[in-house]
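# Tertiary structure, described
Now for the letters of each chain:
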There are 2 protein chains.
Amino acid sequence: MKFERHDAIRELVAHSLVTNQDELRRKLRRRGFAVTQATLSRDIHALRLSKGPGGYVLPSTDVGNGAAENDGPPSVAEVLASFGLRIRQAMNQVIVGTMMGGAQPVAAALDFEEWPEVLGTIAGDDTVLVICADPRRATEVEMRLRAMLES
Amino acid sequence: MKFERHDAIRELVAHSLVTNQDELRRKLRRRGFAVTQATLSRDIHALRLSKGPGGYVLPSTDVGNGAAENDGPPSVAEVLASFGLRIRQAMNQVIVGTMMGGAQPVAAALDFEEWPEVLGTIAGDDTVLVICADPRRATEVEMRLRAMLES
DNA sequence: TCACCATTTGCATACTTATTCATTCGTGTT
DNA sequence: AACACGAATGAATAAGTATGCAAATGGTGA
């Protein structure tokens, strides 16, 4: 599935050095995603990654911009774009994987927005557990979060 | 000269959209720099530019990091790396071109460090004029600033 | 189930970027 | 001036990335 592969790409790029698309292809294959370079070129475009001196990097959106010019706390969309790596669903739960230290801000934003489908959140260092009433609602939330992540 | 070309590349990348190296080559040629793509590949590496969905971009160093964790004001090196685009010298003066709004911070940092060769600075929006006692000292300052810019 | 449409993917290839090697250029020395 | 030597450059080409097109895949409704 494409979205799982995108999640894996974000994780690889965030946590390891990816110099070129063929290297990415080999790393993904070890994780069970066997695709060609052509597909990765398209994925990289979709994920808006950039390539610099240190290989590929996630788009940096820098939510906290020093000068406090926002009235409210950052939105889920902002904070997900900054820290979110991976979204998964199981039963009535959604698991959000983030960059180290990103779980708390994500959970705080979710709490603040008070989505009706969300009963509660628990955040560690790099994982947020989002609890919904039932699988249907969890899928709903997963979709919405995923859309924000793919921005 | 290589450094002038680097300055021009920084300016082009900062102020206009540069999609690929051949486009950069054409834009540079209009400004009087006639070099091949091979040279630009090397320049881009030296300047640590990255290429993303929106063409080439300068390395973002983000001097003001919100959480105030530095004791003193930012150094000339830091602020130049963030805002500096171009360095030129004429007689006993050094002219520093910066990104819009970057001149004041650069001048402030220079003033704070009190370099012996620098008699004074004047800053507009995107240009800092640095005054030295004589051409020799101006060249000295130019060299030092340039080294910081090329980081 | 089957047909149908949209999406995703691979293949082949065009396009873009990096590198090797040889040459030229600039600078300091004899 | 002639020379030596390291830096910079271009030409050719290798390495890496993007894309047109056709085939495969997957979801949907008859």
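Details of the structure are given in the entry above.
Our subject in this report is the structure included herewith. Not measured: the values here are computed from a predicted model.

## Section: the protein's contact with DNA strand C
- As a matter of local geometry, DNA strand C sits amid 17 residues, with Arg5 and Thr39 of chain A together with Gln21, Lys51 and Tyr56 of chain B nearest to it.
- Close to the protein, within 4 Å, the atoms of DNA strand C belong to sugar or phosphate groups at a rate of 62%.
- Contact between DNA strand C and alanine 34 of chain A: a phosphate oxygen at 3.5 Å from a main-chain N or O atom of the residue.
- Elements that contribute at least two residues to the surface near DNA strand C include exactly α1 (2–15) and α3 (37–46) of chain A together with α3 (37–46) of chain B.
- By residue number, the principal contributor to the surface near DNA strand C is α3 of chain B, which donates 4 residues.
- Of the residues contributing to the surface near DNA strand C, the split by class is 5 nonpolar, 7 polar and 5 charged.

## Let's talk about unusual backbone geometry
Residues and elements named next belong to chain B.
- One non-glycine residue, arginine 48, adopts positive backbone phi at about 60°.
- Within the secondary structure, arginine 48 sits in the loop between α3 and β1 (50–52).
- Here arginine 48 falls in the partly exposed class, since its relative accessible area comes to 41%.
- Unusually for a residue other than glycine, methionine 91 sits at a positive phi of about 55°.

About the thresholds
- In this convention, every chain numbers its residues from 1, walking through the sequence in written order.
- Key to labels: chains lettered from A, ligands numbered from 1, both in the order written.
- Totals for whole chains, interfaces and linings use all residues, but because this is a predicted model, local features are given only for residues with pLDDT of at least 70 and pairs of side-chain atoms are given and counted only at 80 or more.
- In computing side-chain values, all of the structure's heavy atoms are included and hydrogens and water are not.
- Residue proximity to a molecule or strand is established when one non-hydrogen atom of the residue lies within 4 Å of it.
- Here a polar contact is recorded for every N or O atom pair within 3.5 Å, except that within protein the pair must consist of a potential hydrogen donor and a potential acceptor, and residues adjacent in sequence are included only if both atoms are side-chain atoms.
- Each helix is a run of DSSP H or I of at least 4 residues and each strand a run of E of at least 2, with the numbering of both proceeding from the N terminus.
- Residue polarity follows a fixed list, in which Ala, Val, Leu, Ile, Met, Phe, Trp, Tyr, Cys and Pro are nonpolar, Asp, Glu, Lys and Arg are charged, and the others, Gly among them, are polar.
- Buried, partly exposed and exposed residues are distinguished by accessible area as a fraction of the type maximum, computed with a 1.4 Å probe on protein chains only: under 20%, between the cut-offs, and over 50%, respectively.

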